[in-house]
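Survey of secondary and tertiary structure
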Amino acid sequence: MEHIAELILIAIGAAIITNFVLTYFVGICPFIGVSRRVDMAFGMGCAVTFVISIAALLSWTFTYFILREGAPLTTWIVRSVTGDPAVTLDLTILSYIVYIFVIASSVQLVEMYVRKFHPPLYKSFGVFLPLITTNCAILFACLKIMAYVIDPKEVWGLDKALVLAVFGGVGFTLAIVIMAGIREELDHCDVPPPMRGAGITLVVAGILAMAFLGFGGVDGNLKKLISPDTRPTAAATQPADAETARAPDAEPAGVALAGRADDALSETTEP
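What comes next is a walk through the structure. Just so you know, these numbers come straight off a predicted model, no measurement behind them.

Examining the packing of aromatic side chains
Under the criterion given, the structure shown has eight aromatic pairs. Here Y64 and F65 contribute two aromatic rings whose centre-to-centre distance is 5.0 Å and whose plane-to-plane angle is 75 degrees, an arrangement assigned as edge-to-face. Using a relative accessible area of 24% as the deciding quantity, one classes Y64 as partly exposed. Using a relative accessible area of 34% as the deciding quantity, one classes F65 as partly exposed. When the ring centre of Y64 is taken as reference, the NZ or CZ atom of R68 above it lies at 4.2 Å.

Section: the nonpolar core
By size, the foremost hydrophobic cluster in this structure holds 57 residues, and its most contacted members are L22, F31, M44, Y99 and I132. Listing elements by their share of this core, those giving two or more residues are α1 (2-17), α3 (38-67), α5 (95-117), α7 (128-132), α8 (136-149), α9 (158-186) and α10 (198-212). Setting aside chain neighbours within four positions, we find L22 in contact with F31, A175, A205, L208, A209 and F212.

Points about unusual backbone geometry
Most peptide bonds are trans, and most residues other than glycine sit at a negative phi. Positioned with a positive phi, F25 is a non-glycine residue whose angle comes to about 55 degrees. By secondary structure assignment, the location of F25 is in the loop between α1 and α2 (28-33).

Let's talk about the layout of surface pockets
Roughly 490 Å³ of volume is contained in the largest pocket. The wall of the largest pocket is formed by 18 residues, among which E6, L9, I10, W156 and D219 lie closest to the centre. Listed by contribution, the elements that provide at least two residues to the lining of the largest pocket are α1, α8, α9 and α11 (218-226). With eight residues, the top contributor of residues to the lining of the largest pocket is α1. Residue composition of the lining of the largest pocket, grouped by class: eight nonpolar, four polar and six charged. Here the second largest pocket is characterised by a volume of approximately 170 Å³. Around the second largest pocket, the lining residues are R36, R183, L186, D187, C189, V191, R196, G197, I200 and T201. Where the lining of the second largest pocket is concerned, the elements lending two or more residues are α9 and α10.

Quick look at the packing of α1 against α9
Helix-helix packing is characterised by the crossing angle of the two axes and by the distance between the axes. In contact at an axis separation of 7 Å, α1 and α9 are set at 30 degrees when each is read in the N-to-C sense. It follows that α1 is roughly parallel to α9 by the angle criterion. The handedness of the crossing between α1 and α9 comes out as right-handed. Contacts from H3, E6, L7, I10, A11, A14 and A15 in α1 reach D159, K160, V163, L164, F167, G168, G171 and L174 in α9. Looking at the contact of α1 with α9 residue by residue, the classes come out as nine nonpolar, three polar and three charged.

Calculation rules
- In this convention, every chain numbers its residues from 1, walking through the sequence in written order.
- Whole-chain, interface and lining totals are the exception, using all residues; otherwise, since this is a predicted model, local features are given only for residues with pLDDT of at least 70 and side-chain atom pairs are given and counted only at 80 or more.
- To obtain the side-chain values, all non-hydrogen atoms of the structure were used and water was disregarded.
- Within 6.5 Å between ring centres, the rings of Phe, Tyr and Trp (the latter by its six-membered ring) count as paired, and their orientation is classed by plane angle as stacked under 30 degrees, edge-to-face over 60, tilted in between.
- In this scheme, a residue with accessible area under 20% of its type's maximum is buried, one over 50% is exposed, and one in between is partly exposed, where area comes from a 1.4 Å probe on protein chains only.
- Only Lys NZ and Arg CZ are tested; either one counts as a charge over a ring when it is within 6 Å of the ring centre and within 35 degrees of the ring normal.
- What is meant by a nonpolar core is a set of buried Ala, Val, Leu, Ile, Met, Phe, Trp, Tyr and Cys residues, joined one to another through side-chain atoms within 4.5 Å.
- Helix and strand labels come from DSSP, where a helix needs a run of H or I of at least four residues and a strand needs a run of E of at least two; each type is numbered from the N terminus.
- By the convention used here, residues are in contact when the closest approach between their heavy atoms is within 4.5 Å.
- A 1.4 Å probe that fits but cannot get out identifies a cavity on a 1 Å grid over protein atoms alone, an open set with protein on both sides within 12 Å along at least five of seven lines counts as a pocket, and a residue lines either if it has an atom within 4 Å of a point.
- Grid points are joined across faces, edges and corners, and a volume is the space filled by probe spheres set on the points.
- Charged means Asp, Glu, Lys or Arg here, nonpolar means Ala, Val, Leu, Ile, Met, Phe, Trp, Tyr, Cys or Pro, and polar covers whatever is left, Gly included.
- Axis definition: a line fitted to C-alpha atoms, over the contacting stretch in the case of helices. Angles run 0 to 180 degrees between N-to-C directions.
- When describing relative orientation, an angle under 35 degrees is termed roughly parallel and one over 145 degrees roughly antiparallel, while 65 to 115 degrees is termed roughly perpendicular and anything else oblique.
- Each helix crossing is assigned a hand: it is left-handed if the near helix lies turned anticlockwise from the far helix by less than a right angle, otherwise right-handed if that turn is clockwise.

The values are spatial; any link to function lies outside them.
See below:
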């Protein structure tokens with residue numbers, strides 16, 4: 001149950017609370033350039049979600065088995081070559097280069113596969129697939145996954161990495177579709193000439209970013225709701241323990257009342 005709760009929190013956080021575009025400001029180029037119509041924005045968002053999932057799968061595999069310190073494949077090769085059973089190798093310095101090649105290769109493979117086996121889908125994507133290569137939101141997702149994979153306290157598994165990537169793409173789609181809907185309405189508004197084009201678009205993007213800031217802190221309350229802590233607190237157990245500790249020294253209430261009644265009776269019977 002705790003694992004499922006963690007996956008739910010990662011999904012909601014990547015899609016809404018810490019949206020890649022509106023919180024970290026990555027993927028701004030397609031967010032501004034391909035958000036003139038809702039249908040184009042939705043197609044771009046679907047393509048980004050598809051590619052970011054494949055890139056996350058490959059980047060997690062490379063990071064976990066090759067790049068991180070103590071990776072199984074790298075450690076086995078180094079120890080076989082050097083003969084030292086205690087030597088390890090850290091290749092995380094190559095992560096940027098590896099991830100760029102992974103993203104470019106995955107985009108090309110996806111484009112070739114879709115063009116050969118699903119021509120209608122390839123025609124619907126159009127130029128969106130080649131443009132995804134320059135989308136820094138995908139590289140950001142890969143680097144964020146790497147940060148959790150190399151963390152010695154909690155090494156992320158493939159499930160968490162894929163949830164972060166998929167719902168990060170969903171959050172990108174949500175942001176770009178909202179932006180496209182607003183820009184379609186702005187075409188019918190009387191925008192001042194100096195603000196037309198990129199000016200009003202950036203203003204709207206800033207307002208959207210501030211609006212998404214209102215979701216901050218939702219993950220904490222949601223975590224309490226999904227996985228409440230049922231352990232008794234120290235404040236709840238302390239009064240009972242203190243009462244138990246005072247019990248042997250305290251005089252029972254009935255004995256004290258009986259003693260005072262006997263004293264009062266003896267005083268009234270004295271001549």
